[in-house]
Amino acid sequence: MKRLLLALLCLFSFSVYANEPTSTQEEATDKEAFSPGDMILHHIGDAHEWHFATLGDEEHGTHLTIPLPVIAYRPSQGLSIFSSSQLAEGKEYQGLKLEHEHLVSEDGSKVYDFSITKNVASLMLSAALLLIVFTSVAGGYAKRGTGAPKGIQSFFEPIIVFVRDEVAKKSIGPKYERYMPYLLTVFFFIWFNNLLGLVPGGANLTGNIAVTLTLAVLTLLITLFSSNKNYWHHIFATPGVPKPLLPIMIPVEIIGIFVKPFSLMVRLFANITAGHIVTLSFISLIFIFRNIGVAPVSLAFGLFINTLELMVAILQAYIFTLLTAMYIGGAVEEHHDADYQIGGGDGPEQAHAHAH
Amino acid sequence: MQIVTPELGLIFWQLVIFGIVLLLLRAFAWKPILSSLKERESSIEGALRMADQAKLEMQQLKAGNEKLLAEARLERDRILKEATDVSNQLIEQAKNKATEEGSRMILQAREAIQNEKNAALAEVKNTAAQLSIDIAERILRRELTDQPAQQQLVDSYLKEVKLN
């Protein structure tokens, strides 16, 4: 059952992922004054300043931007902190300059960039938002005790209960309580940031591989640190596998340990980034054709993709949380003979999986 | 290729900020929320269980009442039956006594009558004897001087005569 679900989720993810190459190809063939490829990559990538809009043309217009702090560490010169406005338009400051949003030093020495970039700023914003929202939800419980939920508390309670009952309890089993804080935080972190990424001018945080990498590594670490004897027994002496096959099975199983979080990383990154790329591609069509007639079509498709992205936002948060819970569940699972049967799950869960 | 190259700075900040958010939310949000949810669920469950118990108790009480009622009914029937029995017995007794008394009285009366009759007969006999003697005396006064011999003769005659 779990494997079936997994396969289904992978299929779903790849269908969206497949949109990416076609759209980038489209832009690559179109090399005019307006370069959609560059525009899209600029939008989905990170930046050292928060750029909202440019009034007038690129050279002489007014840029509506929020400068962000640049924090660079060079082994030779130590830490240097300054505003990103010092580096605007390719300017050089303290021996540092930006090359394609990449901080490099003039003399070619190594620079460790710890700047508060657009993504980091957005990350802080979402962290503040998460803290405000969920402490006020917790406040509702402190105020009303065991009474009926109200306001923001009643909005989030079913989601929290869903994560607890449908994700954690079902996938992890009786030891689920230890992992609830991580699962809930990951779920709401991804969901909130997916939604923030859809806001015009927002940063593409969950579509950044560094962010998904960090989350996937955290999941991997939690899985490994909570693994029991049974989990390693499955890897080094897979039950039901003849002894001569073990030299093949053990490397496969070890690769499996790392492929699982890798798939988490790529799935979230690709889904969110692909959504942004598709939306931006539809908008780029207007500028490629230089025709207002294309606008309604572009807008209609853009709107459709955006609506789809709203759904993908919560779906990907759910998938990431569910798969994390499943990996943890696999690591803490006690020995059960019945588990060797594939598809031992119950009916409603299967129907639920097909609904996605 | 830039978008698939993770940047060190972002990884660092993500780790730090996510870690802080995780710890803060765990302490100030998830723990109170989850414990409140658990508390509420257990209180609801407890209330349901209590309601079930109350229902069971009610049923037991009802069954007890019915049993009591049935017992009372049985007791009443028993008392009624006893009372009927006692009254029947009393009537029977009274009847028996009355009959007994009646027969005793009849017997007494009969005895008295017999006595009276005997007395009356004796008197009649005496009177008749006296009368006969008187008559005989008068008859024989003239004829007989030996009165005792005469009397003896009359008595023997009288004994032969059956009055009844």
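Being a predicted model, the structure only gives us computed values, none of them experimental.

Criteria and cut-off values
Residues numbered from 1 in each chain as written. Chains lettered and ligands numbered in written order. Predicted model: local features only at pLDDT ≥ 70, side-chain atom pairs only at ≥ 80, totals over all residues. Helix = DSSP H or I, 4+ residues; strand = E, 2+ residues; numbered from the N terminus. Buried ≥ 20, exposed ≤ 12 C-beta atoms within 10 Å, placed from the backbone. Contact = placed C-beta atoms within 7 Å. Rg over C-alpha atoms; globule rule 2.2 N^0.38 Å. Domains from an automatic or database assignment. Nonpolar A, V, L, I, M, F, W, Y, C, P; charged D, E, K, R; others polar. Expected span 1.5 Å × (residues − 1). Axes fitted to C-alpha atoms, helices over the stretch in contact; angles between N-to-C directions. Parallel < 35°, antiparallel > 145°, perpendicular 65-115°, else oblique. Core = buried A, V, L, I, M, F, W, Y, C linked by C-beta atoms within 7 Å. Pairing = 2+ DSSP bridges. pLDDT = per-residue confidence, 0-100.

From N to C terminus, chain A includes 11 helices and seven strands. By the burial criterion, 36% of the 356 residues in chain A qualify as buried. Partitioning the intrachain contacts of chain A with sequence separation of at least 6 by distance along the chain shows that 64% fall at a separation of at least 24.

Let's shift gears to the overall build of chain B. Summing up its helical and strand segments, chain B has two helices and zero strands in all. Taking 164 residues into account, the globule formula puts the C-alpha radius of gyration at 15 Å, and chain B, at 63 Å, lies well above it. Oriented by its inertia axes, the alpha-carbon framework of chain B measures out at about 195 × 25 × 15 Å. Put simply, chain B has 164 residues, and 9% of those count as buried.

So, on to the domain arrangement of chain A. Residues and elements named next belong to chain A. By domain assignment, chain A separates into domain 1 (2-46 + 118-355) and domain 2 (48-116). Counting from both sides, the interface comprises six residues of domain 1 and, opposite them, five residues of domain 2. Partitioned by chemical class, the residues of the side of domain 1 that touches domain 2 number two nonpolar, two polar and two charged.

Turning to helix α6 (residues 180-198) of chain A, a few remarks are in order. Given a rise of 1.5 Å per residue, 19 residues ought to cover 27 Å, and the 27 Å separating the end C-alpha atoms of α6(A) matches this to within 8%. Across the 19 residues that make up α6(A), a large majority, 15, are buried.

The next subject is the interface of chain A and chain B. Counting residues at the interface gives 38 residues for chain A, matched by 31 residues for chain B. Mapped onto the side of chain A that touches chain B, the elements with two or more residues apiece are α3 (36-44), β7 (112-113), α4 (118-144), α5 (152-172), α6 and α7 (209-225) of chain A. Looking at the side of chain A that touches chain B, the element that brings in the most residues is α4(A), giving 13 residues. Looking at side-chain class alone, the side of chain A that touches chain B contains 26 nonpolar, 10 polar and two charged residues.

Now for the packing of helix α9 (residues 246-289) of chain A against helix α10 (residues 294-332) of chain A. Interaxial distance between α9(A) and α10(A) falls to 10 Å at its minimum, and their mutual angle equals 175°. Overall, the two elements α9(A) and α10(A) adopt an arrangement that is roughly antiparallel.

A word on unusual backbone geometry. Residue and element names in this part refer to chain A. Backbone geometry at Gln94 places phi at a positive 50°, although glycine is not the residue there. Counting through the fold element by element, Gln94 comes out in the loop between β4 (78-83) and β5 (96-99). Of note in the backbone geometry, Arg290 takes a positive phi value of approximately 50° without being a glycine. For Arg290, the location among the structural elements is in the loop between α9 and α10.

Before going further, it helps to spend a moment on the nonpolar core. The nonpolar side chains of soluble globular proteins are, as a tendency, buried together. A:Ala168, A:Leu183 and A:Phe187 are the most contacted members of the largest nonpolar core, which totals 76 residues. Elements supplying a minimum of two residues to this core: α3, α4, α5, α6, α7, α9 and α10 of chain A together with α1 (8-143) of chain B. Top element by residues in this core is α10(A). It accounts for 15 residues. Once residues lying within four places of it in the same chain are set aside, the contact partners of A:Phe187 are A:Val163, A:Ala317 and A:Thr321. Listed in part, the eight residues of the second largest apolar core include A:Val70, A:Ala72, A:Leu87 and A:Leu98.

What follows covers α5(A). End to end, α5(A) covers 28 Å across 21 residues, agreeing with the expected 30 Å (1.5 Å per residue, within 8%). The set of residues buried in α5(A) consists of A:Gln153, A:Phe156, A:Glu157, A:Ile160, A:Val163, A:Arg164, A:Val167, A:Ala168, A:Ser171 and A:Ile172.

Moving on, we get to the sheet that holds strand β3 (residues 69-74) of chain A. With antiparallel pairing, the three strands of this open sheet are ordered in space as β4-β3-β7 (chain A). Of all the strands in the sheet, the pair left with one neighbour each is β4 and β7 of chain A.

Chain-level statistics for chain B give a pLDDT mean of 87 and a share of 93% at 70 or above. The ipTM for the predicted assembly is 0.79, set against a pTM of 0.72.

All right, on to the pairing of β5(A) then. All names here are of chain A. The alternating pattern of β5 places Leu96 and Leu98 on a buried face, while none of Lys97 and Glu99, on the opposite face, is buried. The pairing of β5 with strand β6 (residues 102-105) spans four bridges and is classified as antiparallel. In the sheet register, Glu99 faces β6, and the bridge partner there is His102. Counting the residues that bridge the hairpin from β5 to β6 gives two residues, and of these His100 lies at a positive phi of roughly 50°.

Residue and element names in this part refer to chain A. Structurally, Ile286 can be placed in helix α9. Overall, Ile286 belongs to the partly exposed group, with 19 C-beta atoms counted inside 10 Å. For the pair formed by Ile286 and Ala210, sequence separation is 76 residues and the distance between their alpha carbons is 32 Å.

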